[in-house]
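Residue-level structure breakdown
Now for the letters of each chain:
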Amino acid sequence: MPLFLIQFAQQHEEFRLPELEALATIENVQMTYEPSDYSLESPFLIVEIESAEKAALLLNRAILIKTITELWGQGSSWDELIEKVKEHPERWPQYLETTFKFLVVTFGGTIEMKDKPAIINRFSFTGFMGKIDLKNPEEEFHLIADYGIDPNVHVASTFYMGRLVGHGKRDLIDKFNVKKRKYIGNTTMDAELSLIMANQALCGPGKLVYDPFVGTGSFLMTCAHFGAMTVGSDIDGRQIRGKGKASIQSNCEQYDLKGRVLDALVFDVCHAPWRRFKGGLFDAIVTDPPYGVRAGAKTLGRKDATKQASEPRMAVNEGVFAHLLPDYVPPTKPYEMSEVVADLLMFAVKNLTRGGRLVYWLPTVTEDYTIDDLPTHPCMELVANCEQAFGQWSRRLITMEKIADWDGETSLGAPTGNMNKSTTNPKQQGHFGFRDRYFAFSVVENARRKKELKEAFHKGGAEGVAACMRAFEERKKAEQQMQKLQIGEGEKAEK
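For the structure given in this document, a descriptive report is provided here. (Residues numbered from 1 in each chain as written. Predicted model: local features only at pLDDT ≥ 70, side-chain atom pairs only at ≥ 80, totals over all residues. Heavy atoms only, no water.)

1. Observations regarding the overall build of the protein
Across its full length, the protein holds 11 helices and 16 strands. When each of the 495 residues of the protein is scored for burial, the buried share is 46%. Look at the contacts in the protein between residues 6 or more apart in sequence, and 75% of them connect residues 24 or more apart. Entry remark: accessible area of the protein is about 26100 Å², with carbon and sulfur atoms responsible for 52%. (Helix = DSSP H or I, 4+ residues; strand = E, 2+ residues; numbered from the N terminus. Buried < 20%, exposed > 50% of the residue type's maximum accessible area, 1.4 Å probe, protein only. Contact = heavy atoms within 4.5 Å. Areas by Shrake-Rupley, 256 points an atom, 1.4 Å probe, with all protein chains shown as cover.)

2. Some points on the pairing of strand β4 (residues 65-75)
Burial analysis of β4 places 9 of its 11 residues in the buried class, the great majority of the element. Inspection of the sheet shows strand β1 (residues 3-8) paired to β4 by 5 bridges, in the antiparallel sense. Bridging across to β4, Gln-7 finds its partner in Thr-67. Strand direction decides the pairing type here: β4 and strand β7 (residues 158-167), joined by 8 bridges, are antiparallel. From the neighbouring strand, Ile-68 faces β7, where its bridge partner is Gly-166. (Pairing = 2+ DSSP bridges.)

3. Concerning the sheet that holds β4
Neighbouring strands of a sheet are bound in pairs by backbone hydrogen bonds; such pairs are parallel or else antiparallel. Here 7 strands make up an open sheet; going across it, the order is β2-β3-β1-β4-β7-β6-β5 and the pairing mixed. For this open sheet the edge positions go to β2 (31-32) and β5 (100-107), each flanked by a neighbour on one side alone. Across the sheet, helix α1 (residues 16-27) lies against β1, β2, β3 (44-49) and β4, angled at about 130° from β1, the strand it touches most. (Axes fitted to C-alpha atoms, helices over the stretch in contact; angles between N-to-C directions.)

4. Observations regarding the pattern of salt bridges
Where side chains of opposite charge bring their charged atoms close, a pairing between them can arise. Throughout the structure, instances matching the rule amount to 12 salt bridges. When the shortest N-O distance is used, the salt bridge between Asp-174 and Lys-180 registers 2.8 Å. In this structure, the salt-bridge partner of Arg-357 is Glu-401, at a minimum N-O distance of 3.0 Å. Of this pair, Arg-357 sits in strand β14 (residues 352-365) while Glu-401 is found in strand β16 (residues 393-402), placing the two residues 44 residues apart along the sequence. The two residues Arg-357 and Glu-401 agree in class, both being buried. Overlapping salt bridges bring together Glu-70, Glu-139 and Arg-163 as one network. (Salt bridge = Lys/Arg side-chain N within 4 Å of Asp/Glu carboxyl O.)

5. With respect to the environment of Thr-230
Checked against the element boundaries, Thr-230 lands in strand β9 (residues 229-234). When its relative accessible area of 1% is taken as the criterion, Thr-230 is described as buried. Through-space distance from the C-alpha of Thr-230 to that of Leu-262 is 5.8 Å; in sequence the pair is 32 residues apart. Setting aside chain neighbours within four positions, we find Thr-230 in contact with Val-209, Leu-220, Cys-223, Ala-224, Arg-260, Val-261, Leu-262 and Asp-263. A polar side-chain atom of Thr-230 sits 3.3 Å from the main-chain carbonyl oxygen of Leu-220. (Polar contact = N/O pair within 3.5 Å; in protein donor to acceptor, adjacent residues only side chain to side chain.)

Okay, structure coming up:
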């Protein structure tokens, strides 16, 4: 099969291959590649695909793919690359009369503009006689120099030449940018990750997608954009209703998705009113369970079990059951993260169609996490486990697929497979009691600062304290700058 060069965006590196595999499944594209050839540090991957037309299908909704190029040659120098391209002159004739342009692309380094024409002219042996069109050519040919990510390396190590197949849909990130959205909340998922999750869930026309922790409805929008019918629910109806004219409904109008976003309902997913259907109801469940940091998970019930009523209570002076009153607010209690994840998986087992996917975020404490933290079920297969690290804690995008119908009895079981660096038995689950452990990080940091200020006062008095405070500010600015550099590292390297 022909070879193609995929250039990924230089961010969310662990998410690239799972999204690529999902795109191939959605578009029914047969492809092969060597996993050993893939590196998180490089944006390039060579894959075998049956045709350029099939390769183009992968770009229809790709978020982490920048370009796909039909690979004509690869070498360790421009000279070697030219020799490789010359080995297949049969590729050239069909482009002899088309309008075209050549583009010199670099990664991790730069080539001065004055040197690029000379590089392009070295490929004049292809004999293209069509008109050069720099704005809207029929064909675009890329000459790529890969310098790697080491800033001390100033000589490219790998060179590629090929015909551009097309670009991914990274413009969708700007379209769904939360800064441009009419209605958002403090837990709204950013556009890029929402779109990636929609791809991981294999969303498409004719599918029904459900978000049991819908919040402000980010996943309803991105999944519906790809053609799915979406519905959500939440125990807290305030975010669903919104404020004033801003609500999930206003976002549907903004993105013209009113015909695909069916509704957002208010109920506790632990007591969901969904009718059970043989074979399952939903084609995908896409969600971000509340971690307890910005918003805590709640379920119906009372914190004090002794106060939990065993039968309906009558309202005082009303003569009717309290829960039938229009202003009744049912009591809720905290919903521990490990219980949330276990219940979510069991809900998926019962309500997904075979082949349906569960895609959810799992927050973890980095040092305690192992693959054994993930709840499993014989009906569900782990497809992908991608980490987004934040230092002492991280969150993992877990993708599971239903491979068998539920027998009505089997409960959660032991995990299978090993998709993580660590397999040691944890002292406790990485996501157990996540809220308290997350805020404990701040407590430790504050205690360290207090100790440093005390030492500074003993050494230099008020001036010592002032100097220590300036050091804190400089450290904070340095950390923020480092985060910005990490976010922009991919774009800087590609330039």
